[in-house]
Amino acid sequence: ELKVEQNPLFLSMQEGKNYTIYCNYSTTSDRLYWYRQDPGKSLESLFVLLSNGAVKQEGRLMASLDTKARLSTLHITAAVHDLSATYFCAVGILDSNYQLIWGAGTKLIIKP
Amino acid sequence: KAGVTQTPRYLIKTRGQQVTLSCSPISGHRSVSWYQQTPGQGLQFLFEYFSETQRNKGNFPGRFSGRQFSNSRSEMNVSTLELGDSALYLCASSYRSGRTDTQYFGPGTRLTVL
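Conventions and cut-offs
Residues numbered from 1 in each chain as written. Chains lettered and ligands numbered in written order. Predicted model: local features only at pLDDT ≥ 70, side-chain atom pairs only at ≥ 80, totals over all residues. Heavy atoms only, no water. Contact = heavy atoms within 4.5 Å. Buried area = accessible area lost by both parts, 1.4 Å probe. Salt bridge = Lys/Arg side-chain N within 4 Å of Asp/Glu carboxyl O. Polar contact = N/O pair within 3.5 Å; in protein donor to acceptor, adjacent residues only side chain to side chain. Helix = DSSP H or I, 4+ residues; strand = E, 2+ residues; numbered from the N terminus. Nonpolar A, V, L, I, M, F, W, Y, C, P; charged D, E, K, R; others polar. Buried < 20%, exposed > 50% of the residue type's maximum accessible area, 1.4 Å probe, protein only. Phe/Tyr/Trp six-rings, centres within 6.5 Å; stacked < 30°, edge-to-face > 60°.

The interface is formed by 17 residues belonging to chain B together with 16 residues belonging to chain A. Interface area for chain B against chain A, summed over the two sides, is near 1,500 Å², with a carbon-plus-sulfur share of 50%. Counting the contacts that link chain B with chain A gives 0 salt bridges. Counting every contact that joins chain B to chain A gives 3 residue pairs in polar contact (both at pLDDT 80 or more). Of all the elements in the fold, those that place two or more residues in the side of chain B that touches chain A are β4 (31-38), β5 (42-50), β6 (53-57) and β9 (87-94) of chain B. Looking at the side of chain B that touches chain A residue by residue, the classes come out as 7 nonpolar, 7 polar and 3 charged.

What follows is the structure, given as structure tokens:
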């Protein structure tokens, strides 16, 4: 069964702290996406990771991919309130057709 | 460049009715995908259209259908609405179909079925 598991599903943290969100997937994939969703809003693309060892950074967010472990991480450095959102990972799977399988999302609340 | 637009943004229907949702992709994008988002099931893929052809389909009943027009605009139809169809329906566009491109999402249509 194709599974994408994120953990934690909920995270409350203080500004200035560091934390990591994990995304595990159960089958071979050729790419992994991270998206952000603000409450009541749509999804915004953050990163696409295409190969083993890929690392991408934008501001206080850094994403990495380990295809051998089937694991991606989204690391938040010195969190600020504006990063409060729900973060989704999505894994590209080539089955009969190509499709994205989504994680359940990690709701991140950063307290001032 | 204008983003993905969806209409209407909010919709209230009763069980048994049908509904049509509309999505206009980013100019130049030819692929449109539809997703259903609910608190219980998360984000689930409905279908993808590219150049007016359905390229891919998720695991939803036949009550859910879609189409794409020559200008790449897409519509999604749900017939015989059920309470469980209440959800945020998101469409996403990309330039090409399949694995290559990042998808850009619209604001969604929130459907409530009473």
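A word on the environment of Glu15(A). Residues and elements named next belong to chain A. On the secondary structure map, glutamate 15 appears in the loop between β2 (10-14) and β3 (19-25). For glutamate 15, a relative accessible area of 36% translates into the label partly exposed. For the pair glutamate 15 and lysine 111, spaced 96 residues apart in sequence, the C-alpha separation works out to 5.9 Å. Those residues in contact with glutamate 15 that sit more than four places away from it in its chain are Ala79, Val80, His81, Ile110, Lys111 and Pro112. At a separation of 2.9 Å, a polar atom in the side chain of glutamate 15 contacts the main-chain amide nitrogen of histidine 81.

This part covers the packing of aromatic side chains. Per the stated rule, a full pass over the model turns up 10 aromatic pairs over all chains. An angle of 65° between the planes, with centres 5.7 Å apart, marks the rings of Tyr35(B) and Phe45(B) as edge-to-face. With a gap of 10 residues between them, Tyr35(B) in strand β4 and Phe45(B) in strand β5 connect regions that are remote in the sequence. Given a relative accessible area of 1%, Tyr35(B) falls into the buried group. An aromatic cluster of three or more residues is present, and its members are Tyr33(A), Tyr35(A), Phe88(A), Trp102(A), Tyr35(B), Phe45(B) and Phe105(B).

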